[in-house]
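Chains, contacts and geometry: an overview
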Amino acid sequence: RCGGLLVRVPPLPAAGCKVSLWDSDEPIPRTDLLQGVSGAHGILCLLSDRIDAEVINAAGPNLKVISTLSVGFDHLAVGEIKKRGVRVGYTPDVLTDATAELTVALLLATARRIPEGVEEVKNGGWSSWKPLWLCGYGLSGSTVGVIGLGRIGLAIARRLKPFGVKRLLYSGRTSKPQAAEVDGEFASLDRLVSESDFVVVSCSLTPETQGLCDKALFSKMKKTAVFVNTSRGAVVNQEDLHEALSSGRIAAAGLDVTTPEPLPTDHPLLKLKNCVILPHIGSATYSTRGIMAELCANNLLAGLTGSAMPSELAL
Ligand code: NDP
Ligand code: DGY
């Protein structure tokens, strides 16, 4: 079992290894993690487990492999891990479709004010059909800007284009040949945010992208723009986002990721009607999570036996 999921593991030479399991959906307390990893050859972790020098030291010299049930690896101290010759497995590709689909759902829910509408039906706010009541913004004829046209960014762009998107801009460190498929135009971040009606963040969290979406960025966006983030919460300065949303500097935001997670229920962003927040469910389909779990287990076993991993992170 892994994170509460059943994993089908094909017979491999590593079958028969001793497994110490944290058998709960809730994150393992730090002290249990530090004790539990002692002497381990492999660690299977979730994105909620911070695997830093302390954990690696606690594991000791046996440690050969860390396998994370995620494509994001910002919770892993990659420098330390590399220094000690430990291999890392992760789960790219298999969650791309599910995450792109959720991003489109969140964008539409935010732009068309769906949670607000559902609430109005329940609380009696729906008095009659009114010409401008609960109006939002549509994708047809719009410009969409994707910050980080990686696997998920491209999959989001592919899904948005058929809604009648007129122009698709993307930013990143390098231009991408695969952007041609969606008529994507490589743009500076400044140009992307000032020309887009929808700004979608799908980059990885790195020292360079941490806090990238801040007051300066929001101040360049259109007042009618909708901002969506399904990458990592720390890419956004949440205080600046709150200010931009509450002052009407931008129209609305949809977030699947926040800092911290979970977001405290009294957080100011949760009081805003123009902010739709989901609990980090981008990859949450039964089938995707099952495939992720299987890949994660197979990465771990390959790391233990010293063979080629199905998905190894290049360190
Ligand atoms: P990829 O590695 O394929 O894509 C990451 C992209 O980030 C790359 O295209 C890279 O562009 C871009 N990037 C890096 N630095 C910058 C920068 N400074 N400015 C703009 N773009 C930048 O990863 P995936 O698409 O598979 O996943 C992306 C992220 O999505 C994950 O790291 C994870 O954090 C998040 N995620 C969230 C999920 C959820 O449940 N909400 C589910 C799955 C993933 P370049 O090549 O030009 O550097
Ligand atoms: C990831 O894989 O990085 C997501 O955040 C969860 O699937």
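Residues numbered from 1 in each chain as written. Chains lettered and ligands numbered in written order. Predicted model: local features only at pLDDT ≥ 70, side-chain atom pairs only at ≥ 80, totals over all residues. Heavy atoms only, no water.

1. Brief notes about the UniProt feature "domain: D-isomer specific 2-hydroxyacid dehydrogenase NAD-binding" (unreviewed entry) in the protein chain
Quick note on the threshold: UniProt positions are given in the numbering used here, feature names are shortened, and annotations may be inferred rather than shown by experiment. By the criteria applied, helices consist of DSSP H or I runs no shorter than four residues and strands consist of E runs no shorter than two, each listed in order from the N terminus.
Those residues carrying the UniProt feature "domain: D-isomer specific 2-hydroxyacid dehydrogenase NAD-binding" (unreviewed entry) are residues 104-282 in this numbering. Counted over residues 104-282, helix gives 28% and strand 16%. Its end C-alpha atoms are 10 Å apart.

2. Remarks on the sheet that holds strand E5 (residues 167-171)
Defined as follows: A pair of strands is considered paired only if DSSP assigns at least 2 bridges between the two. Fitted lines through C-alpha atoms give the axes, limited to the stretch in contact for helices. The angle between two N-to-C directions lies from 0 to 180 degrees.
Read across the sheet, seven strands follow the order E6-E5-E4-E7-E8-E9-E10 without closing on themselves; strand pairing throughout is parallel. At either margin of the open sheet sits one strand with a lone partner, and together these are strand E6 (184-186) and strand E10 (275-277). On average, each strand axis in the sheet is inclined to that of its neighbour by 20°, with strand direction left out of account. Direction of pairing for E5 relative to E6: parallel, over a ladder of three bridges. Pairing of Leu169 across the sheet is with Glu185, part of E6.

3. Here's the deal with the site of ligand 1
Which entries qualify depends on this criterion: Only heavy atoms are used to decide nearness, and a residue is near a molecule or strand if one of them lies within 4 Å of it. The term polar contact refers here to a pair of N or O atoms within 3.5 Å; inside protein, the definition further demands a hydrogen-donor-capable atom paired with an acceptor-capable atom, and it admits residues adjacent in sequence only when both atoms are side-chain atoms. Surface exposure here means Shrake-Rupley accessible area, sampled with a 1.4 Å probe, where a residue is shielded only by the protein chains that are shown. Under this grouping Gly is polar, as are all residues other than the nonpolar Ala, Val, Leu, Ile, Met, Phe, Trp, Tyr, Cys and Pro and the charged Asp, Glu, Lys and Arg.
Around ligand 1 sit 28 residues, and of these Arg151, Ile152, Arg173, Lys176 and Asp256 come closest. Between ligand 1 and Glu208, the relevant distance is 3.2 Å, taken from a nitrogen atom to a side-chain nitrogen or oxygen of the residue. Interatomic distance of 2.8 Å between a side-chain N/O atom of Asp256 and a nitrogen atom of ligand 1. Summarising the interface, the protein chains cover 89% of the accessible area of ligand 1, which totals 920 Å² for the free molecule. Here the residues of the shell around ligand 1 sort into seven nonpolar, 15 polar and six charged.

4. Here's the deal with the confidence of the model for the protein chain
Which entries qualify depends on this criterion: On a range of 0 to 100, pLDDT expresses the predictor's confidence in each residue. Throughout, a contact is declared for two residues whenever any of their heavy atoms are within 4.5 Å.
Overall, the predicted model of the protein chain reaches an average pLDDT of 95, with 95% of residues at or above 70. Across residues 1-12 the pLDDT falls below 50, and counting only partners more than four positions away or on other chains, this stretch makes 21 contacts in the model. Reported confidences for the modelled complex are a pTM of 0.95 and an ipTM of 0.99.

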